[in-house]
Amino acid sequence: MTHTNLLIANETLSAWINEIRELCQPSGIYVCNGSDEEYRELCDQMVSSGMMIRLNPELRPNSFLCRSDPTDVARLEHRTFICCEREEDAGPTNNWADPSKMRAELKELFRGAMRGRTLYVIPFSMGQPGSAYAMYGVQLTDSPYVVANMKLMAHIGEPVLPYLDQAQVVRCLHSVGKPLQPGETDSTWPCNADKKYIVNFQDDHSIVSFGSGYGGNALLGKKCLALRTASTIARTEGWLAEHMLILGVESPNGDTTYVAGAFPSACGKTNFAMLVPPEGFDGWKVKTVGDDIAWIRPGDDGRLWAVNPEIGFFGVAPGTNAKTNPNMMAAVKSDTIFTNCALTADGDIWWEGLTDVAPNNLIDWQGNPWTSDSGRLAAHPNARFTVTAANCPSMDPARDDGQAVPISAFIFGGRLSHTFPLVYEARNWEEGVYWAATLGSEATAAAENQAAIRNDPFAMLPFCGYNMGDYFTHWLSLAGRLSETPGIFRVNWFRKDEVGRFVWPGFSQNMRVLRWIVGRVKNEAGGRETPLGVMPSYSDIDWNGLPFSEEKFAVLGRIDGEKLSRELVSHQAYLSTFQPRLPERLLQIGDILQRSAQT
Ligand code: GDP
Ligand code: PGA
Ligand code: MN
Ligand code: MN
């Protein structure tokens, strides 16, 4: 790399960087300035080393394909730890480890871990640098792939430096955990096959990650800082750090309503955040603020205000196409890093669902020849693209300068083939918190080793940095600080019929549900009382442009009293696992709902 003269003026930080350098013994150190030129140079370097494949510049300009190690393809929740003094402050949903024991073990793992590699220093900011919302960090990493991805996802380098001296800075340390012996040739995706750790220390908020180079395991500003660390700080400071998309719905008369939505990983946040209204919705527009993380604070006006602390997307590739997500297809036309997608013969990418028919002669995500009768997937189910938000045509101008937007509704949804209807509105804040706390979803490829159906409260199961019972209490208590609480809704795009087909067309058609939600918070849309809450009748939904029968809609709204009752019983059992920190109120609400289910 060309040398820059960037200096970390903050003495405590530079002392820490020196200490890590001595411990890890990299062959060199490089402080990232965050420039486009630096990004280009790094990518060139990765192309020469074989870590990146340059895609055909005529088809996919300035874009690259990376293939990860088959053992390093998703977040590793069983290797993710929260370290704080008392186990009960992390539990029961997080893996806990004793901070001093963990520090000692990690120190040995990092000893000499960067031999033969460059140590990159990445000053970064989550949120607009200088804004009231920003949190600053410095990530040390031996992965150039991480640097390139961080450049697309966060503010890095020079623009962040002025703030490192003034604010608390989160120290983030990362290594792929694969030192090189002299003369040893590197693999194209170095990682550590035996030892992987993703650790949040809640005493000093530092973050350490070892052994993996993939996504949320390695881009430490994202899940580790902006969710696990931030949620912990947010609790004590009275705000929220959530696994949520943020979008604005502009109606034909020009007013915009903002909503935030939490769906577990690979359950539709990115698609929903940049939805294109279907035929029949002339004059309606969806404006994207964020697709994965929301920082939300009560404002002086008693409303909740949200920002997206990221400036890019790390999105699921399979299933993305010109019909399901035209905005994302436009975004990834150029300047994109693709990971674990298939490669076409003419040097472009492909994944399941990009086109109906696979092109001939692909190279699959593991680098092997592939044809449609190979009997395996061409792209990994958790294949991803990394692209800067500026590339996406649906971005809301409001987010350009890091402005917060007011949230009028929260939407929670998972992948549930049965029982749960397309949409319902909780009767009040407390019932809404109940429905969010009891959110569940079928397994996805975004994380390893998931149960078939798992409870995923608020879609925060892998990301809440502290005791989940305390988190429920935090949400319940928020209502008292607001002049008016946002509506809380549950949605389910994934209900299936007897033969296993999705009943709801989803994607752009989700606009019909979104319109109803916006109508509800504006007191303009009707609905009917059900045991779950308020549901739209057929005539409450705008069907303009979509032939969808009343019978089919009835399937989406059907509530089987017996199934619901069993579901509610299982909720009580699940909620009880958070004792003694469970707010009693949630069990009482479960009882109220159980009674209404039986009448
Ligand atoms: P995220 O990980 O929560 O951001 O989820 P994505 O938006 O990336 O979607 C994950 C997967 O679900 C992709 O394969 C999408 O094509 C698919 N998906 C998203 N929205 C819908 C929908 O409304 N209906 C159906 N059937 N699939 C969807
Ligand atoms: P996702 O983000 O929510 O878009 O899947 C990545 C993740 O949660 O691992
Ligand atoms: Mn996510
Ligand atoms: Mn996403």
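Because the structure is a prediction, the values reported are computed rather than measured.

Asks: What's the story with the side chain of T232 in this structure? I'm lost.
Replies: Along the chain, T232 falls in helix 8 (residues 221-237). Those residues in contact with T232 that lie beyond four places of it in its chain are Q202, G465 and Y466.

Asks: What is the right way to read the packing of helix 11 (residues 429-437) against helix 12 (residues 468-478) from this model?
Replies: Pairs of packed helices are described in terms of their axes, by the angle between the two and the distance that separates them. As a packed pair, helix 11 and helix 12 sit with axes 9 Å apart at the nearest point and diverge in direction by 155°. On the basis of their axis angle, the class for helix 11 and helix 12 is roughly antiparallel. By crossing handedness, the relation of helix 11 to helix 12 is classed as right-handed. Contacts between helix 11 and helix 12 pair W429, E430, V433 and A437 from the former with F472, W475, L476 and L478 from the latter.

Asks: Explanation requested: the site of ligand 2 in the structure shown.
Replies: Residues in close proximity to ligand 2 include R75, K223, H243, S265, A266, K269, D292, R384 and F463, which together make up its full environment. For ligand 2, an oxygen atom lies 2.6 Å from a polar atom in the side chain of R75. K223 has a polar side-chain atom sitting 3.0 Å from an oxygen atom of ligand 2. Burial of ligand 2 by the protein chains amounts to 95% of its free accessible area of 270 Å². Mapping ligand 2 onto the cavity grids shows that it belongs to the largest pocket. For the shell around ligand 2, the residue count by class is two nonpolar, two polar and five charged.

Asks: What is the right way to read the sheet that holds strand 19 (residues 337-339) from this model?
Replies: As a general point, the strands of a sheet are linked pairwise by backbone hydrogen bonds and lie either parallel or antiparallel. The strand order across the open sheet built from five strands is 2-3-19-24-18, with neighbouring strands paired in mixed fashion. Edge positions in the sheet fall to strand 2 (53-54) and strand 18 (312-316), since each has one partner strand and no second.

Asks: It is not clear to me how the nonpolar core should be interpreted in this structure. Could you clarify?
Replies: Proteins that are soluble and globular tend to have nonpolar side chains buried together. If you look at the biggest cluster of nonpolar residues, it comprises 105 residues, and the most contacted ones within it are W295, F410, F412, F458, F472 and W475. Here this core spans two domains, and each of domain 1 (11-51 + 78-238) and domain 2 (242-311 + 400-597) adds at least three residues to it.

Asks: Can you help me understand the UniProt feature "binding site: GTP" (unreviewed entry) in the protein in this one?
Replies: Here, the residues flagged by UniProt with the feature "binding site: GTP" (unreviewed entry) are A266, C267, G268, K269, T270, N271, R384, R415, F507, S508, Q509 and N510. These residues run over 245 residues, and the two farthest C-alpha atoms among them are 24.0 Å apart, placing them at more than one spot. Here the residues from the annotation list that line the largest pocket are A266, C267, G268, K269, T270, N271, R384, R415, F507 and N510. Since its relative accessible area comes to 2%, C267 is described here as buried. Inspection of the secondary structure assignment puts R415 in the loop between strand 25 (405-413) and strand 26 (423-425). Those residues within four positions of R415 in sequence are excluded, and the remaining contacts are A266, C267, G440, S441, E442, T444, N492 and F494. Within the structure, the side chain of R415 is placed 2.9 Å from the backbone oxygen of A266, a separation counted as a polar contact.

Rules used throughout
Residues numbered from 1 in each chain as written. Chains lettered and ligands numbered in written order. Predicted model: local features only at pLDDT ≥ 70, side-chain atom pairs only at ≥ 80, totals over all residues. Heavy atoms only, no water. Helix = DSSP H or I, 4+ residues; strand = E, 2+ residues; numbered from the N terminus. Contact = heavy atoms within 4.5 Å. Axes fitted to C-alpha atoms, helices over the stretch in contact; angles between N-to-C directions. Parallel < 35°, antiparallel > 145°, perpendicular 65-115°, else oblique. Left-handed = near helix turned anticlockwise from the far one by under 90°. Near = heavy atom within 4 Å. Polar contact = N/O pair within 3.5 Å; in protein donor to acceptor, adjacent residues only side chain to side chain. Areas by Shrake-Rupley, 256 points an atom, 1.4 Å probe, with all protein chains shown as cover. 1 Å grid on protein atoms, 1.4 Å probe; cavity = no way out; pocket = protein on both sides within 12 Å on 5 of 7 lines; lining within 4 Å. Sits in = over half its atoms within 2 Å of the grid points. Nonpolar A, V, L, I, M, F, W, Y, C, P; charged D, E, K, R; others polar. Pairing = 2+ DSSP bridges. Core = buried A, V, L, I, M, F, W, Y, C linked by side-chain atoms within 4.5 Å. Buried < 20%, exposed > 50% of the residue type's maximum accessible area, 1.4 Å probe, protein only. Domains from an automatic or database assignment. UniProt positions renumbered as here; feature names shortened; annotations may be inferred.

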